[in-house]
Amino acid sequence: MQTGSKVEVLKYRSENGVGDSRILPFELERQHIYDYMDSFYKMYVMNSIKACSTLPVFEGPFKPPFENRVYVLDKRQFNLDDYPNVLDGFYKAALLGHGEVTWSMNFTGQLS
C-alpha cells in the first residue's frame, strides 16, 4: 500500500433492498488509509468482523504496512454492539481507495 493512499466510505440504506438505496447523510471523508485504520475501522469495523475475517486486528495504533495477502470476509452475522442504533433495512458501504491504484470494495447486508 503506497504511503499516499487515501480511502473514503460512502454509506447507503434501502428499506427493501430492491434498487432504491439512498446515500446516508453522514460521511466518512477521504483520509489517509492509516488514519482510517486508527479511527473508524478500529472503533466500529474491527470488533464486528474479527471472528469472520482475515482483516487486521490490532491493539494500539495500526502498524503499517498491510501484509501482502488475500483478505477474506465470510458470510456471517456481525457483532453490531459498537455501532450506533440503526433502522431495520438493507445497508451498503462502498469503500473507495485513491492513490497510485484506484480500488473499491462493497459490503451489503441486512439489519433487522
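Further up the page is the structure itself.
What you see is a predicted model; the values in this text were computed from it and never measured. (Residues numbered from 1 in each chain as written. Predicted model: local features only at pLDDT ≥ 70, side-chain atom pairs only at ≥ 80, totals over all residues. Heavy atoms only, no water.)

Topic: the packing of aromatic side chains
Stage number 1. With the rule as written, the count across this model stands at 8 aromatic pairs.
Stage number 2. With 5.6 Å between their ring centres and 35 degrees between their planes, Y34 and F62 make a pair best called tilted. Taken together, the positions of Y34 in helix α1 (residues 33–49) and F62 in the loop between α1 and β4 (89–98) put the pair 28 residues apart, joining distant regions of the chain. Each of the two residues, Y34 as well as F62, counts as buried.
Stage number 3. A ring pair is formed by F62 and F66, whose centres lie 5.1 Å apart and whose planes are at 45 degrees; its orientation type is tilted. Each member of the pair, F62 together with F66, is buried.
Stage number 4. Feature note: the residues Y34, Y36, F40, Y41, Y44, F58, F62 and F66 constitute an aromatic cluster, connected by ring pairs.
Stage number 5. Lying across the ring of Y12, K92 places its NZ or CZ 5.4 Å from the centre. (Phe/Tyr/Trp six-rings, centres within 6.5 Å; stacked < 30°, edge-to-face > 60°. Helix = DSSP H or I, 4+ residues; strand = E, 2+ residues; numbered from the N terminus. Buried < 20%, exposed > 50% of the residue type's maximum accessible area, 1.4 Å probe, protein only. Lys NZ or Arg CZ within 6 Å of the ring centre and 35° of its normal.)

Considering the side chain of E8
Stage number 1. For E8, the position within the fold is in strand β1 (residues 6–14).
Stage number 2. Separated by 2.8 Å, the side chains of E8 and H98 make a polar contact.
Stage number 3. Other than its neighbours up to four places away in sequence, E8 contacts L28, E29, R30, A94, L95, L96 and H98. (Polar contact = N/O pair within 3.5 Å; in protein donor to acceptor, adjacent residues only side chain to side chain. Contact = heavy atoms within 4.5 Å.)

Considerations on the nonpolar core
Stage number 1. Ranked by internal contacts, the top residues of the largest apolar core, which has 16 residues, are I33, Y36, M37, Y41, F58, F62 and F66.
Stage number 2. For this core, the elements supplying multiple residues, two or more each, are β1 and α1. (Core = buried A, V, L, I, M, F, W, Y, C linked by side-chain atoms within 4.5 Å.)

Things to note about unusual backbone geometry
Stage number 1. Residue P65 follows P64 across a cis peptide bond; omega there is 0 degrees.
Stage number 2. By the secondary structure assignment, P65 is in the loop between α1 and β4.

Quick look at the environment of G99
Stage number 1. Turning to its location among the elements, G99 is positioned in the loop between β4 and β5 (103–111).
Stage number 2. With relative accessibility at 46%, the residue G99 sits in the partly exposed group.
Stage number 3. Residues G99 and K6 lie 93 residues apart in sequence; the distance between their C-alpha atoms is 6.3 Å.

Describing the environment of R13
Stage number 1. Residue position: R13 is located in strand β1.
Stage number 2. With a relative accessible area of 18%, R13 lands in the buried category.
Stage number 3. Setting aside residues up to four positions removed in sequence, R13 forms contacts with D20, S21, R22, L24, L87, D88, G89, F90 and Y91.
Stage number 4. A distance of 3.2 Å separates polar atoms of two side chains, one belonging to R13 and the other to Y91.

Here we look at the side chain of K11
Stage number 1. Tracing the chain through its elements places K11 in strand β1.
Stage number 2. Engagement of the side chain of K11 in a polar contact is seen with the backbone oxygen of V9, the distance being 3.2 Å.
Stage number 3. Leaving out residues up to four positions away in the same chain, K11 has contacts with R22, I23, L24, F26, E27, L28 and K92.

In short, the description is geometric, and any link to function would need to be established separately.
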